[in-house]
Amino acid sequence: MFISNEEKLRISGLLELSSSQITALITVVAALEKKVAQLEAVRVKVKKTKKVLTPEQKARQREYQRMYKARKKQEENDWKLVQQLAIEGTTNVSA
């Protein structure tokens, strides 16, 4: 396959241009990686605004908390009863 001198010069010029562009891009990528590392090191916490609840939402939340605490208290009492019966040696546990 024959390649003329003009074609060789054009191809070599394109190769040189491409290599210089690649070098420039490598430099840019390195600089960006440095900036990312700096930003990750300085990461600032954004203060979130507190969500304002309506009176209805507050009432629902209070009721949920009351039910949750009552359920946990009942579970704790049931567990204490199971432990007490186990210590006494009772095999029939119906808690």
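As the structure is a prediction and not an experimental result, all values here were calculated from the model.

Across all of its chains, the model carries four salt bridges by this definition. Linking glutamate 7 and arginine 10 is a salt bridge whose minimum nitrogen-to-oxygen distance equals 2.6 Å. Taken together, the residues span about one helical turn, with glutamate 7 and arginine 10 both in helix 1 (residues 5-41) at a distance of three residues. Glutamate 75 is the salt-bridge partner of lysine 72, the closest N and O atoms lying 3.8 Å from each other. Separated by three residues within a single helix, lysine 72 and glutamate 75 lie in helix 2 (residues 55-88), roughly one turn from each other. Take lysine 72: its relative accessible area is 39%, and that puts it in the partly exposed class.

A few words now on a nonpolar patch on the surface. Together, Ile3, Ile11 and Leu15 make up a nonpolar patch on the protein surface, roughly 260 Å² of accessible area in all. Assessed through its relative accessible area of 36%, isoleucine 11 is described here as partly exposed.

For any pair of aromatic rings, the description rests on two quantities: the centre-to-centre distance and the angle between the ring planes. Tallied over the entire structure, the rule returns one aromatic pair. Centre to centre, the rings of tyrosine 64 and tyrosine 68 are 6.3 Å apart; their planes meet at 20°, and the pair counts as stacked. With tyrosine 64 and tyrosine 68 both in helix 2 and four residues apart, this pair spans about one turn of that helix. Assessed through its relative accessible area of 53%, tyrosine 64 is described here as exposed.

Rules used throughout
- Residues numbered from 1 in each chain as written.
- Predicted model: local features only at pLDDT ≥ 70, side-chain atom pairs only at ≥ 80, totals over all residues.
- Heavy atoms only, no water.
- Salt bridge = Lys/Arg side-chain N within 4 Å of Asp/Glu carboxyl O.
- Helix = DSSP H or I, 4+ residues; strand = E, 2+ residues; numbered from the N terminus.
- Buried < 20%, exposed > 50% of the residue type's maximum accessible area, 1.4 Å probe, protein only.
- Patch = residues over 30% accessible without salt bridge, like charges linked within 9 Å, V, L, I, M, F, W, Y side chains within 5 Å.
- Areas by Shrake-Rupley, 256 points an atom, 1.4 Å probe, with all protein chains shown as cover.
- Phe/Tyr/Trp six-rings, centres within 6.5 Å; stacked < 30°, edge-to-face > 60°.

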